[in-house]
Amino acid sequence: MRSGLLVKLALLLAVFGILSSGLTGYYAFSAHRTMLVSAAQGDLLTAARGVNRRLLQAEEEAADDAMLLARLVQVAQVINGHGDRPARQARDELAQAFAGMLALHPEYLQVRLIGAADNGLELVRVDSAGGLTLRVDGQDLQEKGHFPYVFETLALPAGQIYQSAIGVNHERGAHDAEGRPGLMVATPLPRSDGQPGGLLVINLDLERLVGQLRADLPKGYQLYIANRWGDFLVHPDPAQTFGFEQGRRILMQDSFAATQPLFERKLNNLALSGLEQPQQAAGRVMAFVRQPVGQGNHDDFVVTGLVQPLDAVLESAVPLGQRIIHMVLAFSIIAILLAVVFARAMLRPINTLAQAASSFSETQLQQVLPVERNDEIGVLARNFERMQRQINSHMASLYDNQRELSYLAHHDSLTGLANRSLFFQRLEQLLQLSQRNGAPFAVLFVDLDHFKEVNDLHGHAIGDQVLQIVARRLLHTVRGSDMVARMGGDEYLILLQGNFSDDALGELIDKLRLSISEAMTVAGQRLEVGASIGYSLYPRDGSTAEQLVNEADHAMYHVKSGRRGGKVNSLPCG
Ligand SMILES: Nc1nc2c(ncn2[C@@H]2O[C@H](COP(=O)(O)OP(=O)(O)OP(=O)(O)O)[C@@H](O)[C@H]2O)c(=O)[nH]1
């Protein structure tokens, strides 16, 4: 029972300790994961903005380069057509400048000067071809006046920059630029009379641009760029890009549904993770940023997205998780040990009380209790000690009453002698003993003669005192080991242990009769009383208590019958 309580309390405390450390560990682990994901989202957003900045920067650089080239004097000479020779020389010098520009910028695929006349005939053109610069001249120069970037740029005022949407270049014979995604940056070139003279165009290669951007990104980042309608321009799988060129739309908002608000211009950026949005970003962490593009090109924009696998983000949480598990295990073991120690310490005084209670119930002995404590156990111990004292006191009085009752049940209240019941108990015990060891004994029956007359003549109270005096005389006459009992009225029984002959008993009976018949003074009156005594011997006269007492009674009766007729007071003793 006590060990059960110990186990339960220890278990409860241990479970509490294990749960606390487990929950703390779990909370720390999950908080760390959330922090990692949140930091990764921040990094992705920053990196996506960096990609956008780099894109813008590339466009601005191209615009600056276009403006720089447009201000070359040879450009004006070619546009204004100052005779064939100088124009020829100016074209050659421009071609060299264009080639230098191409060599400086690997992301440039073409640098061209296109005239407004002759349906937009190219005047000076240098292409990137197989990684080298190639001047295209003579018959190979093409008319480009029907392309939007030509007539839209020509329509712009001087000093303005035109920027096309990102798309696949379908111009035939464009060398490296042909069939590749990119955009055009152009600026109009007015003639000296103010009329549109042509334009200067730089073709930017998206793949080379993005290649450079990708190289700058941390490992494991996946880059996505979509135009304002959601068409993928950049995708880790090139087959997913420029679907609209092949008549099939592959949209960012279809692949990443959460990006829809960006295309609806309801959001500027967005960050998601598989930890917090498992439906929308299962197993990934992603960030998308909407970025306006073009210079004065209305509300055109691109959406740049960076995606990282969630596992890669949470990789560093794994060793922490293992450390937390080890810590939780260690704390759990400590919690179990502390729980056992604490439970034992708590239950020790209760065990002391419980032991004291069981010991008290068995032996009524009071144990040392922790009464000096100031807590509830001290109160319990003090109350229990008080209760023990009360129980002991009640028990003592109960034993006293029991002893008194037992005495009253076995003794004659007038003479203090054993009563009939106790005499027969003792006789039965002696019989059992004698039946085993054969020890003989004798039973004497004493009856006072004419005692009724004592009562009648002197009163019942005097009679009582006579009975008490006779009892004392009988006790003084026999040995201490013999038993004298009052049967009731004026009859006494005596149990004598030992081997008595009839003669020896006759002598003892004479002695008893002499003792009884000695004159006694009671309440100032001198009295004398005689007695008739009969006896029986075990085993000669009977083998049961009843037989032996009856035999002694009969013998007494015979004795009494033999002396009938005398008066009490005048009867000679014997
Ligand atoms: N004073 C007193 N008398 C008692 C008590 N018990 C019995 N007696 C009386 O004792 C007497 C005994 O009566 P018996 O033995 O028949 O009369 P007895 O006069 O002794 O007659 P025998 O024995 O034949 O000599 C009765 O009168 C009882 O009332 C007692 O406790 N006190």
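Residues numbered from 1 in each chain as written. Predicted model: local features only at pLDDT ≥ 70, side-chain atom pairs only at ≥ 80, totals over all residues. Heavy atoms only, no water.

Engineer: Would you mind showing me how to read the overall build of the protein here?
Structural biologist: What the protein contains, in helices and strands, is 15 helices and 18 strands. Across the 574 residues in the protein, those meeting the buried criterion constitute 42%. Taking the intrachain contacts of the protein between residues at least 6 apart in sequence as the baseline, contacts between residues at least 24 apart amount to 62%. Entry remark: accessible area of the protein is about 30,000 Å², with carbon and sulfur atoms responsible for 56%. (Helix = DSSP H or I, 4+ residues; strand = E, 2+ residues; numbered from the N terminus. Buried < 20%, exposed > 50% of the residue type's maximum accessible area, 1.4 Å probe, protein only. Contact = heavy atoms within 4.5 Å. Areas by Shrake-Rupley, 256 points an atom, 1.4 Å probe, with all protein chains shown as cover.)

Engineer: Help me out: how do you make sense of the pattern of salt bridges in this one?
Structural biologist: Opposite charge on two side chains allows them to pair when their charged atoms are near. The full count for this structure, using the stated rule, is 27 salt bridges. As a salt-bridge pair, glutamate 171 and lysine 144 come within 2.8 Å of each other at their nearest N and O atoms. Taken together, the residues glutamate 171 in the loop between β5 (167–168) and β6 (181–190) and lysine 144 in the loop between β3 (132–136) and α4 (148–154) connect sequence positions 27 residues apart. Here aspartate 541 ties to arginine 540 by a salt bridge, and the two come within 3.0 Å at their closest N and O atoms. Of the residues examined, aspartate 541 reaches a relative accessible area of 23% and is grouped as partly exposed. Connected via shared salt-bridge partners are Arg112, Glu122, Arg125, Asp127, Lys144 and Glu171. (Salt bridge = Lys/Arg side-chain N within 4 Å of Asp/Glu carboxyl O.)

Engineer: Hey, could you run me through unusual backbone geometry in this one?
Structural biologist: Outside of glycine, negative phi angles account for most residues, and trans bonds account for most peptide bonds. Omega for the bond connecting tyrosine 538 with proline 539 falls within 30 degrees of zero, at 5 degrees, which places this linkage in the cis form. Looking at the element boundaries, proline 539 is found in the loop between β18 (531–538) and α15 (545–562). Even without being a glycine, phenylalanine 242 presents a positive backbone phi close to 50 degrees. The topology assignment puts phenylalanine 242 in the loop between β9 (232–234) and α6 (252–255). Since its relative accessible area comes to 4%, phenylalanine 242 is described here as buried. Despite not being glycine, alanine 523 has its phi angle at roughly 50 degrees, a positive value. Residue position: alanine 523 is located in the loop between β16 (520–522) and β17 (525–527).

Engineer: Mind showing me how you'd approach the UniProt feature "transmembrane region" (unreviewed entry) in the protein here?
Structural biologist: Under the local residue numbering, the UniProt record ascribes the feature "transmembrane region" (unreviewed entry) to residues 324–343. Across residues 324–343, helical content stands at 100% and strand content at 0%; the span's end C-alpha atoms are separated by 27 Å. (UniProt positions renumbered as here; feature names shortened; annotations may be inferred.)

Engineer: Would you mind showing me how to read the nonpolar core here?
Structural biologist: Judged by nonpolar contacts, the single largest core of 62 residues is most densely connected at Phe98, Leu113, Leu200, Leu223, Ile225, Leu233 and Leu306. Here this core takes 16 residues from helix α1 (residues 2–70), the largest share from any one element. Core analysis: the next-biggest nonpolar cluster, separate from the first, contains 32 residues, Leu444, Ile462, Leu474 and Ala531 among them. (Core = buried A, V, L, I, M, F, W, Y, C linked by side-chain atoms within 4.5 Å.)

Engineer: What am I meant to see in the packing of aromatic side chains here?
Structural biologist: Aromatic ring pairs are reported here in terms of the distance separating the ring centres and the angle at which the planes meet. Applying the stated criterion to the full structure yields 8 aromatic pairs. With centroids separated by 5.9 Å and ring planes inclined at 50 degrees, the aromatic side chains of tyrosine 224 and phenylalanine 232 adopt a geometry described as tilted. According to the relative accessible area criterion, phenylalanine 232 is buried, its value standing at 1%. One aromatic cluster is present, formed by Tyr224, Phe232, Phe256 and Phe288 through successive ring pairs. Cation over ring: arginine 290 sits above phenylalanine 301, and NZ or CZ is 5.2 Å from the ring centre. (Phe/Tyr/Trp six-rings, centres within 6.5 Å; stacked < 30°, edge-to-face > 60°. Lys NZ or Arg CZ within 6 Å of the ring centre and 35° of its normal.)

Engineer: So what exactly am I meant to see when it comes to the pairing of strand β7 (residues 196–205) here?
Structural biologist: Each regular strand displays side chains that alternate between the two surfaces of the sheet. Where burial is concerned, most of β7 is hidden: 9 out of the 10 residues are buried. The sheet contact formed by β6 and β7 spans 9 bridges and is antiparallel. What sits directly across from proline 190, in β7, is proline 196. Counted along the chain from β6 to the antiparallel partner β7, the turn is 5 residues long, and its residue glycine 194 has a positive phi close to 90 degrees. (Pairing = 2+ DSSP bridges.)

Engineer: I tried to follow the sheet that holds strand β11 (residues 284–292) on my own but got confused; where do I start?
Structural biologist: Strand order in the open sheet formed by 5 strands is β9-β8-β12-β11-β10, with antiparallel pairing between adjacent strands. What marks the edges here is a single partner per strand, and that holds for β9 and β10 (269–273). Across the sheet, the mean angle separating the axes of adjacent strands is 20 degrees when strand polarity is ignored. In this sheet, β11 lies alongside β10 in antiparallel orientation, the contact comprising 5 bridges. Along β11, the bridge assignment pairs leucine 270 with phenylalanine 288. Strand contacts of helix α5 (residues 206–216): β8 (222–226) and β9, with the helix running at about 65 degrees to β9, the strand carrying the most contacts. (Axes fitted to C-alpha atoms, helices over the stretch in contact; angles between N-to-C directions.)

Engineer: Is there a simple way to explain α15 in this structure?
Structural biologist: The α-helix winds at 3.6 residues per turn, so residues separated by three or four positions along the chain end up facing the same way. Helix length check: α15, at 18 residues, gives a terminal C-alpha distance of 26 Å against a target of 26 Å (1.5 Å per residue), a fit within 8%. For α15, every residue scored as buried is listed here: Ala545, Leu548, Val549, Ala552, Met556 and Lys560. For α15, the angular spread of buried residues about the axis comes to 110 degrees, placing them on one side. Summarising the geometry of α15, the exposed residues directed more than 90 degrees from the buried face are Tyr557, His558 and Gly562. Along its buried surface, α15 packs onto α11 (420–437), β13 (441–448), β15 (491–497) and β18. (Expected span 1.5 Å × (residues − 1). Arc of directions from axis to C-beta.)

Engineer: Please explain the environment of serine 543 as it appears in this structure.
Structural biologist: Tracing the sequence through the fold places serine 543 in the loop between β18 and α15. For serine 543 and glutamine 432, which are 111 residues apart along the polypeptide, the C-alpha to C-alpha distance reads 10.0 Å. Other than its neighbours up to four places away in sequence, serine 543 contacts Leu431, Gln435 and Tyr538.

Engineer: Honestly, the pairing of β8 in this entry has me stumped. Any pointers?
Structural biologist: Most of β8 sits inside the fold, with 4 of its 5 residues counted as buried. The sheet contact formed by β8 and strand β12 (residues 301–309) spans 5 bridges and is antiparallel. Counted as the bridge partner of tyrosine 224 is glycine 305 from β12. As paired elements, β8 and β9 share 2 bridges and run antiparallel to each other. Its bridge partner being in β9, alanine 226 is matched across the sheet by phenylalanine 232. Linking β8 back to β9 in an antiparallel pair, the connection comprises 5 residues, with glycine 230 at a positive phi of about 105 degrees.

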